[in-house]
Amino acid sequence: VSAFYLLYNVFVFLRKGTTGLTAQAYGAQDFVEVRASFVRPFVFAVVLGLAIATFHEPIMRAIFLWIEPPDEGTRAAASAYVAARVLGAPFALANYAVQGWLNGMQRASNVLVQNLILNASNAILCVYLALDLGGFGFALGVVGIGYAAALANFIAMVAGLANIASCVYGWNGQRRMAGHWQWDVLYDASRLGDFFSLGSTITIRSLLLTLMQTYFTGMAAGFGSTTLAADQLLLQFQSLVSSGTDGFANAAEALVGESVGQKDVARLVAVVKRSLVWAAVVAICFSATWAFGGPAILALMTDQLAVRRESDAYLFWVVVGPFVSV
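Residues numbered from 1 in each chain as written. Predicted model: local features only at pLDDT ≥ 70, side-chain atom pairs only at ≥ 80, totals over all residues. Heavy atoms only, no water.

### Some details on the overall build of the protein chain
Moving on, step 1. If you tally the helices and strands in the protein chain, you get 13 helices and zero strands.
Moving on, step 2. What you see in the protein chain, going N to C, is helices and strands ordered as α-α-α-α-α-α-α-α-α-α-α-α-α.
Moving on, step 3. Relative to the 2.2 N^0.38 estimate, which gives 20 Å for 326 residues, the radius of gyration of the protein chain is 21 Å and therefore close to what a compact globule would have.
Moving on, step 4. When its C-alpha atoms are laid out on the principal axes, the protein chain stretches across 60 × 45 × 40 Å.
Moving on, step 5. Burial statistics for the protein chain: of 326 residues in total, 43% are counted as buried.
Moving on, step 6. Once local pairs closer than 6 in sequence are excluded, the contacts in the protein chain between residues at least 24 apart make up 75%.
Moving on, step 7. Split by element, the accessible area of the protein chain, about 16,600 Å² in all, is 68% carbon and sulfur.
Moving on, step 8. Each charge sign in the protein chain was given a centre, from 18 positive and 18 negative side chains, and these centres are 10 Å apart. (Helix = DSSP H or I, 4+ residues; strand = E, 2+ residues; numbered from the N terminus. Rg over C-alpha atoms; globule rule 2.2 N^0.38 Å. Buried < 20%, exposed > 50% of the residue type's maximum accessible area, 1.4 Å probe, protein only. Contact = heavy atoms within 4.5 Å. Areas by Shrake-Rupley, 256 points an atom, 1.4 Å probe, with all protein chains shown as cover. Lys, Arg positive; Asp, Glu negative; His and termini not counted. Charge placed at Lys NZ, Arg CZ, Asp CG, Glu CD.)

Shown next as structure tokens:
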């Protein structure tokens, strides 16, 4: 399941590339291109998501060849979960384009709201579809968690599109965006080339990161369920670090892109320096938290003593991780 989820990370260029090109167009006050900078990656994301949903079975077979599940029960649970969750692949990837555009327009608060909606709806739907605490007779278990993720991504996408429409058409008391939709611009080969060129290095980086994380997950699975569970717990620490420091990456992408659009080199250099300094400060805070509070946090995450001991043994690497991430 982790390997399949990490597959999405390969396509993070949808968000990063969209942010950069939108910010450049915004800095140049080219609002026709600002609009087009959303439509191109959004359509590409939906098509890509549909392809993943259609061919998820051979993808899973390839993953199982690479990462052998510890037992047949794990294999069956993983397959069932992915079959449910993959229904939301078009929405999950579309959210990359939505958030990239909002970041490029320097609307981080909208992205925050969208993520809150995503996670809150996911949690609520998991309770009702997996555990049936609402008494509706679902109790689908791991399959319910997959359906919950798919539905949550759809809800978040609708919320994100509403934010974009509000920005473009001036809803909720906002000023209407200048310019207009010019559909022939969407097929501009040079603009499409810029999008894929800007995303190429990010794609390579994400692919390597995904391969390494998947490889270590496979190694953990080979050592048994205890090590696999510890591996997943420690990855949650790293995910929190990524979420915390990604804010500075997103800000840098938007402000650097705007500076490029404005052709303001001095501002570009200032943005890079300040984002690096503040990201490093946050990394130090994370490392200190993991160093002094890591065992206590692990105790909150699981009551399995064997898993906690296994996690404690490798906690040092989580402590040094934030510096590498930054």
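Structure's up, so let's keep going.
### Digging into helix H11 (residues 265–301)
Moving on, step 1. Compared with an ideal rise of 1.5 Å per residue, which puts 37 residues at 54 Å, H11 spans 46 Å between its outermost C-alpha atoms and falls more than 12% short.
Moving on, step 2. Along H11, the helix axis deviates most sharply at Gly293, where the bend reaches about 75°; the proline Pro295 sits within four residues downstream.
Moving on, step 3. For H11, the full list of buried residues reads Val271, Ser275, Ala279, Val282, Ala283, Phe286, Ser287, Trp290, Gly293, Gly294 and Leu298.
Moving on, step 4. Tucked into the core, H11 has its buried residues touching helix H10 (225–262), helix H12 (305–313) and helix H13 (315–325).
Moving on, step 5. The N-cap of H11, judged by a side-chain oxygen 3.4 Å from the amide nitrogen of Ala266 a few residues on, is Asp264. (Expected span 1.5 Å × (residues − 1). Bend = angle between axes of the 7 residues up to and from the residue. Polar contact = N/O pair within 3.5 Å; in protein donor to acceptor, adjacent residues only side chain to side chain.)

### Description of the nonpolar core
Moving on, step 1. Val34, Phe38, Phe42, Trp101, Ile164 and Met177 are the most contacted members of the largest nonpolar core, which totals 22 residues.
Moving on, step 2. At the level of secondary structure, the elements contributing two or more residues to this core comprise helix H3 (31–54), helix H6 (89–104) and helix H8 (142–169).
Moving on, step 3. Examining the composition of this core, we find that seven residues originate from one element, H3, more than from any other.
Moving on, step 4. The next biggest cluster of nonpolar side chains, apart from the first, holds 15 residues, and it includes Phe13, Ala89, Leu93 and Tyr96. (Core = buried A, V, L, I, M, F, W, Y, C linked by side-chain atoms within 4.5 Å.)

### So, a nonpolar patch on the surface
Moving on, step 1. Among the surface-exposed residues, Trp66, Ile204, Leu207, Leu208, Leu211, Met212, Tyr215, Phe216, Met219 and Phe223 lie close enough to one another that they form a single nonpolar patch of about 1,000 Å² accessible area.
Moving on, step 2. In terms of residues, the nonpolar patch owes the most to one element, helix H9 (residues 189–222), which gives eight residues.
Moving on, step 3. Position of Phe216 among the secondary structure elements: in helix H9. (Patch = residues over 30% accessible without salt bridge, like charges linked within 9 Å, V, L, I, M, F, W, Y side chains within 5 Å. Salt bridge = Lys/Arg side-chain N within 4 Å of Asp/Glu carboxyl O.)

### Examining the pattern of salt bridges
When the charged atoms of two side chains lie near each other, side chains of opposite charge can form a pair.
Moving on, step 1. Going through the model one piece at a time under the given rule, you end up with three salt bridges.
Moving on, step 2. One salt bridge connects Glu253 with Lys16, and the closest N-O pair in it is separated by 3.0 Å. Pair noted here: Glu253 is in helix H10 and Lys16 is in helix H2 (residues 13–27), with a separation of 237 residues, a long-range link.
Moving on, step 3. For Lys16, a relative accessible area of 12% translates into the label buried.
Moving on, step 4. In this structure, Glu258 engages Arg267 in a salt bridge whose closest nitrogen and oxygen atoms are separated by 3.0 Å.
Moving on, step 5. Among the residues examined, Arg267 registers a relative accessible area of 27% and is labelled partly exposed.

Geometric values such as these leave the question of function open.
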